[in-house]
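Okay, here's what each chain looks like letter by letter:
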Amino acid sequence: MFGTLKAFAFVAATLSASVVLGAATASDGGVIITLPPRSKDVGIKKVPDAAHPFIAPGPNDQRGPCPALNTLANHGYIPRNGIASFEEILAGTREGFNMDRDLAGFLAGFSMMARGNAFLNKLSIGSVSPQIPVVPGAIDGPAPPGGIAKHDRFEGDVSMTRQDFNIGDDVHFQISLFDEFLSAIEEFGDDNALHGPKSIVNMKVMQEFKFQRFQESQAADKTVSFHSSRIASSYNEAAFILTFFANGTDGLLSKQALTSIFQNQTFAPNWFRRSSPGTFDFIVDTAAEVLAPHPIQPGANVNGVYVLDPTDTSVRIFFYTNIPR
């Protein structure tokens, strides 16, 4: 799956950037979106710096299902109101996590097309915002874009710390699910002289916890949807956590750093971002390693029974099972 995903991701990344960058011109009232040069910044860097203190979100600020974006907004690496442009997301993910431009561009571009307004270059990291109107011509329907919190394009089932859409809160942090994550660390995590016994999130922790969450959703959600596109994005999320939440000083992801970003939506004390930009290939390779011990076949529950997707590899079947409608 992830070998195919690399090829698909290259096409998707190119398409996402091309569509977003060509979404508007100044003459038609739109906002021209630009792709910044790739950063050559290397070496660990303390995050946050003095210019980016934590400020809790206000009642009108947007926050959503992505702890990384929520954390960046709380520190002002992207706009604190949670309404960001394509360029602001690329700059924020670079400064906060040292994410490679192409990876960030794909994620921002896809999100902008799926749940934002590319004509105005605006995306909510949470839900519907009065600052983001209906896309011109209502080409995505008569309602304003739903933001990345809206189900079934960016946000999906089998989240690590959010419930499935049909059985609970799929937007806000769920402490009960995070406690399961902590239990997996307690069982499978590594010991560390600085952070204590069973304090490091290793590959085994992520492998077992991710599979546990799938089993739970499959049992509890009679309509769970876990097609190949969602499997890929779900396991890429796991890879993102292992890759970008780890402290750049030693490459280890401590329970403290994990809790700080997931639960408190802030960076842990004495946390440094990674030294080299995290690339698409690295994320996809790590995701494949997370999935490897417990392969999951794409499918969905129909009346509580998990039905596998067709195995036909034609373009028609691929788009039927992968492209949100």
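Quick caveat: nothing in here was measured; it's all calculated off a predicted structure.

Some thoughts on the overall build of the protein
Each helix and strand counted, the protein has 10 helices and nine strands in total. A buried classification covers 49% of the 325 residues belonging to the protein. Counting contacts in the protein only where the partners sit at least 6 residues apart, residues at least 24 apart contribute 65% of the total. When the accessible surface of the protein is totalled, it reaches about 14500 Å², and 59% of it is carbon and sulfur.

Examining the packing of aromatic side chains
Following the criterion strictly, the structure yields 19 aromatic pairs and no others. Plain terms: the ring middles of F173 and F178 are 5.4 Å apart, the flat faces sit at 55° to each other, and that makes the pair tilted. Ring geometry for F181 against F262: centres 6.1 Å apart, planes inclined by 75°, an arrangement best described as edge-to-face. On the criterion of sequence distance, the pair formed by F181 in helix α5 (residues 175-188) and F262 in helix α8 (residues 255-262) is long-range, its members being 81 residues apart.

Some details on the pairing of strand β5 (residues 196-200)
Examined bridge by bridge, strand β4 (residues 190-192) and β5 share two bridges and lie antiparallel to one another. From the neighbouring strand, N192 faces β5, where its bridge partner is G196. Hairpin geometry of β4 and β5 is characterised by an intervening segment of three residues between the two adjacent antiparallel strands.

A look at the nonpolar core
Residues F97, F181, V201, M206, F245, L258 and I296 are the most contacted members of the largest nonpolar core, which totals 65 residues. Broken down by secondary-structure element, the contributors of at least two residues to this core are α2 (67-74), α3 (86-97), α4 (101-115), α5, α6 (203-220), α7 (228-244), α8 and α9 (280-291). Top contributing element to this core by residue count: α7, with eight residues. Looking at which domains feed residues into this core, each of domain 1 (60-155) and domain 2 (157-324) gives three or more. Those residues within four positions of M206 in sequence are excluded, and the remaining contacts are M160, F181, V201, A238, I241, L242 and V290.

So, how was this worked out
- Residues numbered from 1 in each chain as written.
- Predicted model: local features only at pLDDT ≥ 70, side-chain atom pairs only at ≥ 80, totals over all residues.
- Heavy atoms only, no water.
- Helix = DSSP H or I, 4+ residues; strand = E, 2+ residues; numbered from the N terminus.
- Buried < 20%, exposed > 50% of the residue type's maximum accessible area, 1.4 Å probe, protein only.
- Contact = heavy atoms within 4.5 Å.
- Areas by Shrake-Rupley, 256 points an atom, 1.4 Å probe, with all protein chains shown as cover.
- Phe/Tyr/Trp six-rings, centres within 6.5 Å; stacked < 30°, edge-to-face > 60°.
- Pairing = 2+ DSSP bridges.
- Core = buried A, V, L, I, M, F, W, Y, C linked by side-chain atoms within 4.5 Å.
- Domains from an automatic or database assignment.

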